[in-house]
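Residues per chain are reported as follows:
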Amino acid sequence: MKKIAVLILTAVLLLAFTGSSLANSVYLDYLIEGETKTDPGSAKFDSEKISLGGNFRFNDTWSVGGEFATGKIKLNDRSDADITSYKIKGGFAVINDEGIRVDLTAGYYRNEWDYDTKAGIGDLDSIDSYDSYLVGADAEFNLSNNLVINAGIEYGISGKCKLENGGDLDLDSLLTYKIGISYYFTEAIGLSLGYRSTAFELKDSDDKITTSGCIAGVTYRF
């Protein structure tokens, strides 16, 4: 119930923040057959995640966006890791032509882990949270009034990871990306399909941890 309440509250806040323009959008998507894996080692774990976010444009130049996500990684039959993440970013349009817009973005990302019980699998058993500043780019291609392609990529800088034992490590890398296509059945409401991935690596660690999968959801533009 707590997670549902947070999702509803986030939606209300995002809607209250915006004016009326079809350049703005709010989306809700679900990770389908998601997977978290470590490399090297090729360990794989089932993952699920639901994300609520929005992208809002003040004018032809500036934009702001945010996302709240909650989910779970199934580590083994006895242990789950509950995952909660937050992201906020601002953008500056470098291309804004008819049907095409590209924004350079900067923002902040935080991901928190909460374990039911320990699973005994190295780095995946010791993370409390990690966060990072982000730089990246968003792109939107309006193929028609009903068909829209969206893509975004972000790279982490100055990232930190907090361990459950109280230690801190630098993030060696953090990369997130998402691509999707939306079909609008009405002027405002559409269904979307896509793919998303978040990968990070701890400094002085051999493990790269990636959560990825196909996504499906709904989009509302106004």
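A brief look at the structure comes next. Within each chain, residue numbers correspond to sequence positions counted from 1 in written order. Local features in a predicted model are, by the rule used here, given only for residues with pLDDT of at least 70; side-chain atom pairs are given and counted only at 80 or more, and totals for whole chains, interfaces and linings are based on all residues. With hydrogens and water excluded, all non-hydrogen atoms of the structure serve as input to the side-chain values.

1. A short note on the overall build of the protein chain
Then step 1. Secondary structure counts use DSSP, requiring at least four H or I residues in a row for a helix and at least two E residues in a row for a strand, with both numbered from the N terminus. A count of helical and extended segments in the protein chain gives one helix and ten strands.
Then step 2. For the protein chain, the α and β elements follow one another from N to C terminus as α-β-β-β-β-β-β-β-β-β-β.
Then step 3. Any residue under 20% of the maximum accessible area for its type is buried, any over 50% is exposed, and the rest in between are partly exposed; the area is computed with a 1.4 Å probe on protein chains only. The proportion of buried residues among the 222 residues of the protein chain is 45%.
Then step 4. Contacts in the protein chain between residues at least 24 apart in sequence constitute 58% of all its contacts with a sequence separation of at least 6.
Then step 5. Accessible area of the protein chain: about 11800 Å², with a carbon and sulfur share of 58%. Contact definition: two residues touch when any of their heavy atoms are within 4.5 Å. All accessibility values rest on the Shrake-Rupley procedure with a 1.4 Å probe; residue burial counts only the protein chains present in the view.

2. Regarding a nonpolar patch on the surface
Then step 1. In this scheme, patches are assembled from residues that exceed 30% relative accessible area and form no salt bridge. Like charges are connected within 9 Å, while nonpolar side chains (Val, Leu, Ile, Met, Phe, Trp, Tyr) are connected within 5 Å. Just to be clear on terms, a salt bridge is a Lys or Arg side-chain nitrogen sitting within 4 Å of an Asp or Glu carboxyl oxygen. Taken together, the side chains of Phe58, Trp62, Phe92, Val94, Ile95, Ile100, Leu104, Phe141, Leu143, Ile181 and Leu193 define a hydrophobic patch exposed on the protein surface, amounting to about 1000 Å² of accessible area.
Then step 2. Listing elements by their share of the nonpolar patch, those giving two or more residues are strand E4 (80-97) and strand E5 (100-115).
Then step 3. A total of three residues in the nonpolar patch trace back to one element, the largest contributor, which is E4.
Then step 4. Its location among the elements puts leucine 143 in the loop between strand E6 (127-142) and strand E7 (147-163).
Then step 5. Under the relative-accessibility criterion, leucine 143 is labelled exposed at 51%.

3. Considerations on the environment of asparagine 24
Then step 1. Checked against the element boundaries, asparagine 24 lands in the loop between helix H1 (2-17) and strand E1 (25-39).
Then step 2. For the pair asparagine 24 and phenylalanine 222, spaced 198 residues apart in the sequence, the C-alpha separation amounts to 5.4 Å.

4. Comments concerning the packing of aromatic side chains
Then step 1. Here a Phe, Tyr or Trp ring, Trp counted by its six-membered ring, pairs with any other such ring whose centre lies within 6.5 Å, and the pair is stacked when the planes are under 30 degrees apart, edge-to-face when over 60, and tilted otherwise. All told, the structure shown has nine aromatic pairs when counted by the stated rule.
Then step 2. With 5.5 Å between their ring centres and 55° between their planes, phenylalanine 68 and tyrosine 86 make a pair best called tilted. Residue phenylalanine 68 is found in strand E3 (residues 62-74), and its partner tyrosine 86 is found in strand E4; the two are separated by 18 residues along the sequence.
Then step 3. Overall, the relative accessible area of 7% leaves phenylalanine 68 in the buried class.
Then step 4. Since its relative accessible area comes to 36%, tyrosine 86 is described here as partly exposed.
Then step 5. Aromatic rings pair up to connect Tyr109, Trp113, Tyr130 and Phe200 into one cluster.
Then step 6. The residue whose ring lies beneath lysine 178 is tyrosine 27, and the NZ or CZ to ring-centre distance is 3.8 Å.
Then step 7. To sit over a ring, a charge needs its Lys NZ or Arg CZ within 6 Å of the ring centre and within 35 degrees of the ring normal. The ring centre of tyrosine 184 lies 3.8 Å from the NZ or CZ of arginine 221, which sits over that ring.

5. A word on the side chain of asparagine 111
Then step 1. The residue asparagine 111 is located in strand E5 in this model.
Then step 2. Here the side chain of asparagine 111 touches tyrosine 109 through a polar contact of 3.0 Å, side chain to side chain.
Then step 3. Among the polar contacts listed, one links the side chain of asparagine 111 to the side chain of tryptophan 113, at a separation of 3.0 Å.
Then step 4. Residue contacts for asparagine 111: discarding those within four places in its chain leaves Ile83, Thr84, Ser85, Ser129 and Tyr130. Think of a polar contact as two N or O atoms within 3.5 Å of one another; within protein, one of them needs to be a possible hydrogen donor and the other a possible acceptor, and neighboring residues in sequence only count if both atoms come from side chains.

6. Section: the pattern of salt bridges
Then step 1. For the structure shown, the criterion picks out twelve salt bridges.
Then step 2. Measuring nitrogen to oxygen at the nearest pair gives 3.4 Å for the salt bridge that ties aspartate 29 to arginine 196. With aspartate 29 in strand E1 and arginine 196 in strand E9 (residues 189-202), the pair connects residues that are 167 residues apart, well separated along the chain. An identical accessibility class is assigned to aspartate 29 and arginine 196; each is buried.
Then step 3. Where lysine 74 meets aspartate 80, a salt bridge forms, and the shortest distance between an N and an O atom there is 3.5 Å.
Then step 4. On the basis of relative accessible area, lysine 74 is assigned to the partly exposed category, the value being 38%.
Then step 5. Here aspartate 80 falls in the buried class, since its relative accessible area comes to 10%.
Then step 6. Among the charged side chains, a salt-bridge network with shared partners connects Asp29, Glu67, Lys178 and Arg196.

7. Some details on the nonpolar core
One broad trend across soluble globular proteins is that nonpolar side chains are buried collectively.
Then step 1. Note on terminology: a nonpolar core comprises buried Ala, Val, Leu, Ile, Met, Phe, Trp, Tyr and Cys residues joined through side-chain atoms within 4.5 Å. One finds Trp113, Ile127, Tyr130 and Phe200 to be the most contacted residues of the largest nonpolar core, which totals 18 residues.
Then step 2. For this core, the elements supplying multiple residues, two or more each, are E4, E5, E6, E7, strand E8 (168-184) and E9.
Then step 3. Those residues in contact with isoleucine 127 that lie beyond four places of it in its chain are Trp113, Tyr115, Cys161, Lys162, Leu163, Glu164, Phe200 and Ile209.
Then step 4. Ranked by size, the runner-up nonpolar core spans five residues in total, among them Leu52, Phe56, Val64 and Phe222.

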